[in-house]
Structures are given as C-alpha cells and as structure tokens.
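Observations on the three-dimensional arrangement
Here is how the chains run, residue by residue.
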Amino acid sequence: MSTEKQYKDIMVFSEVRDGELQEVTLELLGKARDMADASGQRVCALLPGRGVSSYADTLIACGADKVIVVESNVLEKYRNRYYADMLEGVVEKYKPSILLFGATSTGRDLAPRLANRIKTGLSADCINLEIDSEGILIQTKPSFGGNIMVEITCPEKRPQMATVRPKVLKTPEEDASREGEVIREEISLEEGKYLTRVIELLKDAKSDQGLEKAEIVLIGGRGMQTKENFDELYKLADILGASVGGTRPAVREGWIEESLQIGQSGKTIAPKLIFNFGVSGAVQYTVGVQNADMSISVNKDAGAAIFNYSDYGIVGDASEVVGILIEQFKQLM
Amino acid sequence: MSLNIFVCIKQVPDTMEVRINPKTNNLDREGIECVMNPYDKHAIQEAINLKAEHGGKVTAITMGPPSANAILREAVAMGADEAYLVSDRAFAGADTLVTSHVLMRAVEKIDKDFDLILCGKQAVDADTGQVGPGMAERLGIAQLTFVDEIMAVNDGKITVKRHVENGHEVVETAMPALMTVTDKLNEVKYPNPLSIMKAARRELKSLCCDDLCFCTSEVGQSGSPTVVSRLYTPTPRSKAVIFDGDGATAVSKLVEALKQNKVI
C-alpha cells in the first residue's frame, strides 16, 4: 500500500520521437514548474531513449531541477513493454508524487500500461492541471465531446498520473541560466524479452505539423458551402502566411483532409490568431481552439455559438467575406 | 491457423449533448438512448473479417448494466459467436484501472487460450482509451494501440500499422496480443434483419462479481483510485465584438481593429 509521505516531486516523461524532443514535454515542464513552486516540490524530467542526453540542457532551461537520463539501445524506438519496465524501475526508485505524460500516441499507449502495473490512478487527455495545498493534482478533462468538463483527483494512490493534450499548456520561455542536476540511471533491460519490433515509420507525405506550429490559422467550416469556396482560403493564407484547417463537417464534405481537422476528435491548436469561417462553434470544435490568443469569426447566423468564443465577429456570408479580406489584405501587405 | 478472438465493447450515449442536473450535480441520463461505441463496431467487424479469413471464434464482452445486453445482441447479429455481459451492482462507478482488472478476469474465466483481444481505440463518452492497454498489462500480453490496418497475421505473429503523430508505425508482435482499433481499418457491415431476429432470441451469458472472485471492495467505486471531484459545463471565453455594415465596411473595421491590436 502506497503511503502519501514517501512520494514527492513532479516527474515529466520526456518524449523523444524520431530523434526529436516533443514540444508537449516542454509544455508539461512549464506547468510542472508552476505547480512545484506552489507546493514546495521539485521538477524531475525523465529522459529515456538512445542518444537523447543532449536534450537535458533544454529540459533544465524549461524548468527541470533534475534530469534522469536512461540511455539504452533497447529504448531507441518506443516499445511499450520495455518502456513500462524502465518506468516501473524509475518510479520505484524516485517515488514521484505526480507523473505526467503528453497525450500522444506514445503517452496514451504507455501511461495506462504503467498505471495498471503499479496500480495507481490515471486520467486521460487532460486540458488543464492544478495542484492544491495538500499536493493533490486536480486533473481537468473534457468528456462527451467537450460538452462536459470533469475534474478528477487521485487522493490516495501515488504517483498521481495524467496524460495531457499537446498545445493546451503554454511552452515556457527557455532560461539558459537555470541550473539543474543530470543523473545517469542504469536500468537493466534485456533485448529479446518481448517479441515486438518496430519495422518502419511511414511518414505522411504532407507534414501536418505546420498547422500546429502556425501563428495564424484559417479554419473553414460547413458555412463555406463548396470545395471551390473552401479553396479560396488558401489564397488568403498565402497573403497572411497562415495555415489552413477544417472542422469535422468540412472534412466530411471532403473539402480538406482529416489530418488537418481541428477539435476534440482532431488536433488542438493554439495560434496567435485564428479565423473561423462558416464555423458554427460546437463545443467539439471550440475545445480544440480555446487557447488561441485572438479569435475572429465570420458566420451568417448572428446567434451562432462561435461568436461566444471570439474576440471579433462579422455577421455575413463566410466565402464573400473571405473574398473581401483577400482584396483588403492584398493592399496592406 | 484459426483465431480465438475476444472483442471488448462498451455502451455509450447516442448523443454527446448531455446536461448536468443542477439538483444532483450528476449527468442527466434520463431519456438518452444508448448505442455501441462506434470504434467498437469496427473492432467487432475486424474480428469477424479475421474469422472469415482464418477461421476461429469471436466472443464479445461488455461490462455494464443489464441494458448493455442490447449491444451484445448487436454484436451477435453482426456475427459474434458468443457474448458475455459482465455485470454487478458492485462494479458501478469503476474507473479505468478497475475496469481493466474486471475485464481481464472475465477473459481469463471465459477462455485463457485466446489469440487476440480487440477494443475500440477509445469510447466516445469519456475518451480515455485506457482500458485496452490496462487489460494487456494485466494479462501480460503485447498491446498495439491506434491500429489503422492489420497487414498480416501468420506464424503466431501479427503486423499492423498504428497511427502516430507524423504517419504510421509498422509494428510486429507475437500473439497473444491486444489491439485497439480506429475507424479506418474496415467498413462496418450492418446485419440483415434475419440475423437481428436470431440475435434477439439468443440467450446471453453473464458474469458477476462472485464469478470473477472479486471482493466488492476491490471493484466499482471503492476499488477505484480516481475520483470525479467536479463536473461542469464549459463557459464561453468571450463574447465577440461584432462589426456591422456591408461586407467591405465590416472587413475594414476588422482590419482597423487588428492594426490597433498590433496583430497585423
């Protein structure tokens, strides 16, 4: 039986995919730092993989007090059972009170495996985390497509585990002057224990990472009415240096590919500026854009819910307004 | 090589438009129809397709109230050979950790000698996707999540394409294995009226807390480490300032506002 007292500090699983440290790790470190400061704990980044130790400095600059590097050939490619073995060892030794993962294809695969091994609570795909004065992690996640928000806690078992959706927490500013400790942990992992191999990675021809990194995003919804109208968004995007995404209805109409769908069942984005054209504003959609700095919406229905999630609005035909915006921005830029 | 396949399915509300009852502070489920989780239909379909190709047996299981028998009948109508309801008042309020434990025991009780377990990638009500991997861990078997395509099943091995952030990962593992599937890997074929009528008359099996040798304290809410501390409806973040006038005028006002805010 785990007792609360032995378990301390906040650990962040640092995800390196295809040689690249994932942004969500930094987002988690920023939040972990704030929660650690509020509760008198430390932030520890767990960095497993092969050839990953060079990322330790970045993790410290983003808020880690301590980086535990676990280098192993076995961990080069993500395979859940080897990673679960490694994590079991780390949790046993370091006893974090909180253990966080990105809600990625890796995090959502690994965290439930580990939670069932060490028999503790886990919440999925959170959009916010807070810590209370007792060190209890308050985990907020959307349910029913975003219609309902649920706050979950794990009052007794430790660690308190959560996966957190990318792009919902702010990436902290890197502070190169921050100091931290780097620990190299040897964990014995034997290749061949599990008969699983990753044969290859088939990368999408068109990278959809652009949409998640873009500062300006144009979203088209059902109100764009036709593929031809929808395609006008790309002209405006060229002028503004923006990326284009779509709502689920737009994807269903075949106006844009599914990998560029925004919302609960698609991607979450947090650009500086977002334009919603002909988007009704169902919660399934708005949950994916609620962290945009500024939001502008165009819809012919003055009562559309999207105006409740926007800074500025124009009531009018979306594709007509796109045409006018193209003309006016052309002259400006 | 014939395949002994389990499919874990879940009953979910037919609509996501659920409300919180202000008096009880719980979800208002009254009058809401329930259906089989959409991803689970693809899991059942895939199991049936695998059986058609390799031979074997498909067993559907669900944990839920007796009303969940409806989705078991649907699974049978689609082609599942056996169906089990895992149900007990003691199971109410289970979180994903406990649900994994209960379903793992159910599988072991029904038939330890399985090749594959299929689950939907997540249930559309709570969207966790945690029960499948949890079961795989408890059963000590391989797990393949977010599977878009099964590429090969032979020599006791399975090769799949799993959906990852920047594309697909081709992964091979030895069976037995548990897979969670997306809606990409097949087209669900709806059962014909005769199969539906036959399924309606089928006697379904059930397993309770005692059958699975659990103490009531190990399951349901009492066995669950997580607690729902609050439910709420998200509040809109801001009400837009609306620019009126004809299209060109409204756009000019918008552009002016963006300039003032130094956005452009």
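Residues numbered from 1 in each chain as written. Chains lettered and ligands numbered in written order. Predicted model: local features only at pLDDT ≥ 70, side-chain atom pairs only at ≥ 80, totals over all residues. Heavy atoms only, no water.

Another point: the overall build of chain B. The secondary structure content of chain B amounts to 7 helices and 15 strands. With the principal axes as the frame, chain B shows a C-alpha extent of 70 × 45 × 40 Å. Evaluated residue by residue, chain B yields a buried proportion of 53% over its 264 residues. About 12,000 Å² of surface is accessible on chain B, with carbon and sulfur atoms providing 49% of the total. Between the averaged position of the 29 positive side-chain charges in chain B and that of its 35 negative side-chain charges there is a distance of 4 Å. (Helix = DSSP H or I, 4+ residues; strand = E, 2+ residues; numbered from the N terminus. Buried < 20%, exposed > 50% of the residue type's maximum accessible area, 1.4 Å probe, protein only. Areas by Shrake-Rupley, 256 points an atom, 1.4 Å probe, with all protein chains shown as cover. Lys, Arg positive; Asp, Glu negative; His and termini not counted. Charge placed at Lys NZ, Arg CZ, Asp CG, Glu CD.)

Taken as a whole and judged by the stated rule, the model has 35 salt bridges over all chains. Notably, a salt bridge pairs Glu172(B) with Arg197(A), separated by 3.0 Å at the nearest N-O pair. Remark: Arg197(A) occurs in strand 13 (residues 196-203) and Glu172(B) occurs in strand 11 (residues 167-174); the pair is interchain, linking two chains. The exposure class of Arg197(A) is partly exposed, given its relative accessible area of 45%. Among the ionic pairs, Asp125(B) bridges to Lys10(B), the shortest N-O distance being 3.2 Å. With Asp125(B) in the loop between strand 8 (116-120) and helix 4 (131-139) and Lys10(B) in the loop between strand 1 (3-9) and strand 2 (11-13), the pair connects residues that are 115 residues apart, well separated along the chain. Under the relative-accessibility criterion, Asp125(B) is labelled buried at 7%. The structure contains a network of salt bridges with shared partners spanning Asp85(A), Glu88(A), Arg113(A), Arg117(A), Lys193(A) and Glu137(B). (Salt bridge = Lys/Arg side-chain N within 4 Å of Asp/Glu carboxyl O.)

All right, on to the sheet that holds strand 17 (residues 294-299) of chain A then. The strand order 15(A)-14(A)-16(A)-17(A)-18(A)-15(B) describes an open sheet built from 6 strands, whose pairing is parallel. Strands at the two margins of the open sheet, each flanked by one partner only, are strand 15 (243-246) of chain A together with strand 15 (241-243) of chain B. The mean angle between the axes of side-by-side strands here comes to 20°, regardless of whether they run parallel or antiparallel. Its contacts with the sheet place helix 6 (residues 227-240) of chain A against strand 14 (216-220), strand 15 and strand 16 (273-277) of chain A, and it is angled at close to 170° to strand 14 of chain A. The sheet contacts of helix 9 (residues 318-332) of chain A involve strand 16, strand 17 and strand 18 (312-315) of chain A, and relative to strand 16 of chain A the element is tilted by about 135°. (Pairing = 2+ DSSP bridges. Axes fitted to C-alpha atoms, helices over the stretch in contact; angles between N-to-C directions. Contact = heavy atoms within 4.5 Å.)

Residues and elements named next belong to chain A. Across the sheet, 7 strands lie side by side as 7-11-6-1-4-5-12; this open sheet has parallel pairing. The sheet terminates laterally at strand 7 (122-126) and strand 12 (181-184), the two strands that pair on one side only. Averaged over neighbouring strand pairs, the angle between their axes works out to 20° when direction is ignored. Both strand 6 (residues 98-102) and strand 11 (residues 160-164) contribute to a ladder of 5 bridges, which runs parallel. Directly across from isoleucine 98, in strand 11, lies its bridge partner glutamine 160.

Next up on the list: empty space enclosed by the protein. Going through the model one piece at a time under the given rule, you end up with 5 cavities of 30 Å³ or more. Reported here for the largest cavity is a volume of approximately 110 Å³. If you trace the largest cavity, you find 14 residues lining it, with Arg79(A), Asn80(A), Thr196(A), Gln143(B) and Val171(B) closest to the centre. Going through the elements one at a time, helix 3 (80-94) and strand 13 of chain A together with strand 9 (142-154) and strand 11 of chain B are the ones with two or more residues in the lining of the largest cavity. Partitioned by chemical class, the residues of the lining of the largest cavity number 5 nonpolar, 4 polar and 5 charged. (1 Å grid on protein atoms, 1.4 Å probe; cavity = no way out; pocket = protein on both sides within 12 Å on 5 of 7 lines; lining within 4 Å. Points joined across faces, edges and corners; volume = space filled by probe spheres on them. Nonpolar A, V, L, I, M, F, W, Y, C, P; charged D, E, K, R; others polar.)

It is worth spelling out the environment of Ala292(A) at this point. Summarising the element assignment, Ala292(A) is placed in the loop between helix 8 (283-286) and strand 17. Look at Ala292(A) and you get buried, because its relative accessible area is 4%. Separated by 124 residues in sequence, Ala292(A) and Val168(A) place their C-alpha atoms 9.5 Å apart. In contact with Ala292(A), other than residues within four places in its own chain, are Ala270(A), Pro271(A), Ile274(A) and Arg237(B).

With that out of the way, let us pick up the confidence of the model for chain B. A low pLDDT score tells you not to read the predicted coordinates there in detail. On average, chain B scores 95 in pLDDT, and the residues at 70 or more come to 100%. Across the interfaces of the predicted complex, the ipTM metric reaches 0.94, alongside a pTM of 0.93. (pLDDT = per-residue confidence, 0-100.)

Moving on to the pairing of strand 1 (residues 10-13) of chain A. All names here are of chain A. Covered by surrounding structure in strand 1 are Ile10 and Val12 together with Met11 and Phe13, the residues of both alternating faces. Relative to strand 6, strand 1 runs parallel, the two sharing 3 bridges. Its bridge partner lying in strand 6, isoleucine 10 is registered against isoleucine 98.

Contacts between the two partners involve 77 residues from chain B and, on the opposite side, 75 residues from chain A. Carbon and sulfur atoms make up 54% of the surface buried where chain B meets chain A, a total of about 6,700 Å² over both sides. Where chain B meets chain A, there are 7 salt bridges. Counting across the interface, chain B meets chain A through 41 residue pairs in polar contact (both at pLDDT 80 or more). Broken down by element, the side of chain B that touches chain A gets its largest block of residues, 10 residues, from helix 7 (residues 247-260) of chain B. Of the residues contributing to the side of chain B that touches chain A, the split by class is 37 nonpolar, 23 polar and 17 charged. (Buried area = accessible area lost by both parts, 1.4 Å probe. Polar contact = N/O pair within 3.5 Å; in protein donor to acceptor, adjacent residues only side chain to side chain.)

With that settled, the discussion passes to the nonpolar core. Ranked by size, the top nonpolar core spans 52 residues in total, and within it Leu218(A), Leu236(A), Phe275(A), Phe277(A), Leu325(A) and Leu254(B) carry the most contacts. Elements represented by at least two residues in this core include exactly strand 14, helix 6, helix 7 (248-252), strand 16, strand 17, strand 18 and helix 9 of chain A together with helix 7 of chain B. Looking at this core element by element, the count peaks at 7 residues for helix 9 of chain A. Membership of the second largest hydrophobic core comes to 40 residues, among which are Ile5(B), Ile44(B), Ala77(B) and Met179(B). (Core = buried A, V, L, I, M, F, W, Y, C linked by side-chain atoms within 4.5 Å.)

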